[in-house]
Amino acid sequence: MKLNNEILTDDNGKETRWVFDNTCYNGSGNQSYTVTNLHINKGDMIYHEVDCGTNNTGAAIYWKPIITYTYMEPYHLEGDGSQENPYLIDSTDGLNALADVIATTDKPIYSKFTADVKASGNTRPIEEYTGTIDGNNHKLTLKGHTLIEKAKGEVIIKNLIIDGSVNGSNNTAAFIGNTDVDANNNIIIENCGNAAVIKASGNNAAGFVGWIGENDKLCIKNSYNYGSVTSNENGANPFVNSNELSEIIYENCYYLKDSAKANGTPVNPQISISKTEQEFTNGDVTYNLGNAFGQKLTDPKDKYPVPRTADNGVYRKGNVYTNKLIETSDLKFSMQSSFGQQSKDGWYYLQYNNTTEEYDELSWLDNYYAAKDNSGNVTSFITQQGIIQPTLSACIGWKAPMAGKVRLTTGTNIFKTGKGAATTVKIIIDGKSIWQETIPGDQIDESKGIKHDIMVDVGCGDMIYFDVSAKEPTNAAVLWTPQVEYIQTAKFTANDKQILNISEINNGNRIECLFYDAGILEKKSNAYLAFYDKNGTMVKLSEAAFVGGNSKGSGCILSFDIDFVYEDYKDCELSLMIINGDGKNINPIVKHNLYSVK
């Protein structure tokens, strides 16, 4: 018998290790033992091990271990309750230990959840509390009691979702029963949600705070109530019950319509925003709450906002909400799959005009694009298979629908389709060749063809030209199937319409920036929406969202909800700002002049 890797010693001082030979059976050779005063720590393993060597014939052992606790040490809270080293809560034992500590002190206590916690009927509420509870994007399931019976001083609760049930007589709620705060302190509840069923047999049931005292100040930010709230007598509210002497501020708060009832009568306050069941389940509420929450919109669906994870972010496309930040079809572009219409998916079929020094569109001829001479003979042409025959120059062009970093590849090797003149292939952006190769006139073996794999920055509306040219057009055709894929992009919108400059934004618009990264950002970083004023000073406008650190891709939508007035910002630059986990500005990787509108 071992504790972890050490053989134990019994009360007689002997090792708990025995050998049973072939004479030991049917009660002969039995062994018994007692080990007392053995100290074990949480997570220790006691092994009752049987080893029969190489011969297991008749090797079965009858052994029925019994372990009895004679003493249990009090639960040890990790941390010291300071702002720098908060108490860490990972279980109901942790909650009870926190309640015990708080009962012995009047000083502010800081605590943080490190796991989802399910309370039991023996979980004690925190009687009086001053300090900060950070849910750390976890869920607390209550069973009968509120989290805090009374807020005594400045209290901050953030990033916590509560479900389960709370039952009481008066002043019954999920987060705080009632308050008694002096004029110099505030209560703040931010990025929180209640889905618990709240029942008061008497007065004042609420989702967040049962009753706020006279002259007390409460601010509820970016939060929601989905749980049923009922009182058998007077006073019911999705968030908080109060009188006119209390000061309550709501910022971007939502509740389920008719979720609160006092003596059977629904209570739907106008100061916060009511939403239907459908608006909770279809992602509307989660989307409006921003990056603090997520919600799975496919089976098995979440009924209401939950803690944000890597794959449950909610995004809007038109009037539809989805968990996909951006569709694959929005990131990958293939000439072959879009062939048949000029400009479809950004693809154009062109030839260079030496007179105008511009590219002219080729005309559709039966099943390919072509140009004809004055006699009606086909000169340059481009087919869906990617065969490009130049007169002097023929070109496939692609127009970028979004700013970003793109990867330029080819579906097959580039090679000549017949022996003839040497042919030059090149990729041109902004009048400059970024890649160029010459294919010999006799190079018609696909296996010996060439490929490219290039990453470049593009602005919204930039043209990339995949150009084929030859001094002698006879048999100069090549096969080239260009492909484009975004590996990082950002798109600014105002009221769901893409914007390229500030003058396109109407006063009062909600401004958003979609950002996607396919793995360039190796570390998890903070993304902000920021303005650069005429002095070059950066002013952050949005809350931070985490991006990067995921080889499979990550992203976010940042929003700027302050009413936009053009005259206030006409000389400014609205930009995406990325700061990595070390606090360093890494905009040289994510160029703010690439992801900005002016």
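Below: a short report on this structure. The structure presented is a predicted model; accordingly, all values stated were derived computationally and were not measured. (Residues numbered from 1 in each chain as written. Predicted model: local features only at pLDDT ≥ 70, side-chain atom pairs only at ≥ 80, totals over all residues. Heavy atoms only, no water.)

### Details of the overall build of the protein
Convention followed: Working definition: helices are DSSP H or I runs of at least four residues, strands are E runs of at least two. Numbering for both runs from the N terminus. For this measure, only C-alpha atoms enter the radius of gyration; the expected value for a globule follows 2.2 Å times N^0.38, where N is the number of residues. Summary of the burial criterion: residues with accessible area below 20% of their type's maximum are buried, those above 50% are exposed, and those between are partly exposed, where the area comes from a 1.4 Å probe applied to protein chains only. Pairs of residues are marked as contacts when any of their non-hydrogen atoms sit within 4.5 Å. Calculation of accessible area relied on Shrake-Rupley with a 1.4 Å probe; when residues are assessed, cover is drawn exclusively from the protein chains displayed.
Of regular secondary structure, the protein possesses five helices and 51 strands. Its C-alpha atoms give the protein a radius of gyration of 34 Å, clearly above 25 Å, the size a compact globule of 598 residues would have. Considered along the principal axes of its C-alpha atoms, the protein spans approximately 105 × 85 × 45 Å. Looking at the protein as a whole, 46% of its 598 residues are labelled buried. Of all intrachain contacts in the protein linking residues separated by at least 6 positions in sequence, the fraction that spans at least 24 positions is 64%. Here the protein has roughly 31000 Å² of accessible surface; of this, 44% comes from carbon and sulfur atoms.

### Remarks on the packing of aromatic side chains
To be explicit about the condition: Two aromatic rings from Phe, Tyr or Trp, using only the six-membered ring of Trp, form a pair when their centres are within 6.5 Å; if the ring planes differ by under 30 degrees the pair is stacked, by over 60 it is edge-to-face, and anything between is tilted. Criterion for a charge above a ring: Arg CZ or Lys NZ at most 6 Å from the ring centre, at most 35 degrees from the ring normal.
Counted under the stated rule, the structure contains 29 aromatic pairs. Where Y368 meets F381, the ring centres are 5.8 Å apart and the plane angle is 70°; that geometry is what we call edge-to-face. Here Y368, found in strand β32 (residues 368-372), pairs with F381, found in strand β33 (residues 378-382); they are 13 residues apart in sequence, far enough to count as distant. Site record: aromatic cluster; members linked through ring pairs are F333, W347, W398, W435, F466, W480 and Y486. For the cation-ring pair, K540 lies above Y528, with the distance from its terminal atom to the ring centre recorded as 4.0 Å.

### Regarding the nonpolar core
How we decide: Remark: nonpolar core denotes a set of buried residues (Ala, Val, Leu, Ile, Met, Phe, Trp, Tyr, Cys) joined through side-chain atoms within 4.5 Å.
F175 and I176 are the most contacted members of the largest nonpolar core, which has 50 residues in total. Tallying contributions element by element places strand β8 (residues 148-168) first for this core, with seven residues. With sequence-adjacent residues up to four places away left out, I176 is seen in contact with T146, I148, A151, V155, I157, I187, I189, F208, V209 and G210. M335, A371, I439 and I464 belong to the second-largest nonpolar core, a separate cluster that totals 40 residues.

### Some remarks on the pattern of salt bridges
The line we're drawing: Any Lys or Arg side-chain nitrogen located within 4 Å of an Asp or Glu carboxyl oxygen qualifies as a salt bridge.
In this structure the tally under the stated criterion is nine salt bridges. Across the pair K405 and D457 runs a salt bridge whose closest N-O atoms are separated by 3.1 Å. You can see K405 sitting in strand β36 (residues 403-410) and its partner D457 sitting in strand β40 (residues 454-458), a full 52 residues away along the chain. Relative accessible area serves as the criterion here: at 9%, K405 is assigned to the buried category. D457 gets classed as partly exposed once you look at its relative accessible area, which sits at 28%. In this structure, R407 and D453 form a salt bridge, with 2.5 Å as the shortest nitrogen-oxygen distance. Here the residue R407 occupies a position in strand β36, and D453 occupies one in the loop between β39 (432-439) and β40, the gap between them amounting to 46 residues. Through salt bridges with shared partners, one network takes in K275, E279 and D284.

### Remarks on the sheet that holds strand β34 (residues 387-389)
Rules: Whether two strands pair comes down to DSSP finding at least two bridges between them.
Here we have six strands laid out as an open sheet, ordered β31-β32-β33-β34-β42-β37, and antiparallel in their pairing. Across the chains shown, the open sheet's two edge strands, defined by having one partner strand only, are β31 (363-365) and β37 (415-416). Two elements, β31 and β32, share three bridges in a ladder whose sense is antiparallel. Bridge pairing in β32 places W364 opposite Y369.

### Things to note about the environment of E233
Relative to the helices and strands, E233 resides in the loop between β17 (229-231) and β18 (236-237). Of the residues examined, E233 reaches a relative accessible area of 41% and is grouped as partly exposed. Linking E233 and D100, residues 133 residues apart in sequence, is a C-alpha distance of 33 Å. Not counting residues within four places of it along the chain, the set of residues in contact with E233 comprises S201, G202, N203, A262 and N263.

### A short note on the side chain of D10
Heads up, the rule is: When charges are counted, Lys and Arg are positive and Asp and Glu negative, with His and the chain ends excluded. For the purposes of these results, a polar contact is taken to be a pair of N or O atoms within 3.5 Å, where, inside protein, one atom must be able to donate a hydrogen and its partner to accept one; residues adjacent in sequence count only when each atom of the pair is a side-chain atom.
Residue placement: D10 occurs in the loop between β2 (6-7) and β3 (46-47). As a buried residue without a salt bridge, D10 has its nearest oppositely charged side chain in K14, at a separation of 6.8 Å. Among the polar contacts made by the side chain of D10, one reaches the main-chain amide nitrogen of N12 at a distance of 2.8 Å. Beyond its immediate stretch of four places on either side in the chain, D10 contacts T16, T34 and V35.

### Considerations on a nonpolar patch on the surface
How we decide: Patches draw on residues past 30% relative accessible area with no salt bridge. Two like charges within 9 Å are joined, as are two nonpolar side chains (Val, Leu, Ile, Met, Phe, Trp, Tyr) within 5 Å.
On the surface, a cluster of nonpolar side chains totalling about 250 Å² of accessible area is made up of F20, V50 and I61. Here V50 shows up in the loop between β3 and β4 (87-89).

### Remarks on helix α1 (residues 92-102)
Burial analysis of α1 places eight of its 11 residues in the buried class, which makes it a mostly covered element. For α1, the set of buried residues is T92, G94, L95, N96, A97, L98, A99 and I102. The secondary structure elements touched by the buried residues of α1 are β4, β5 (109-113), β6 (117-118) and β7 (126-144).

### Observations regarding the sheet that holds β3
Taken together, three strands build an open sheet; the order of strands is β2-β1-β3 and the sheet is antiparallel. Looking at strand neighbours, the two that pair on one side only are β2 and β3, the edges of this open sheet. As paired elements, strand β1 (residues 2-3) and β2 share two bridges and run antiparallel to each other. Looking across to β2, one finds that K2 is bridged to I7.

### Quick word on a negative patch on the surface
Keep this limit in mind: A charged residue contributes its charge at one atom only: NZ of Lys, CZ of Arg, CG of Asp or CD of Glu.
Together, D106, E127, E128 and E149 make up a negatively charged patch on the protein surface. Secondary-structure assignment places E149 in strand β8.

### Considerations on the state of the cysteines
Note the threshold: A pair of cysteine sulfur atoms is labelled a disulfide when the two atoms are within 2.5 Å.
Under the counting rule described, the total for this entry stands at zero disulfides. Distance from the sulfur of C24, which forms no disulfide, to the nearest cysteine sulfur (C52) is 15 Å. Overall, C24 belongs to the partly exposed group, its relative accessible area being 25%.

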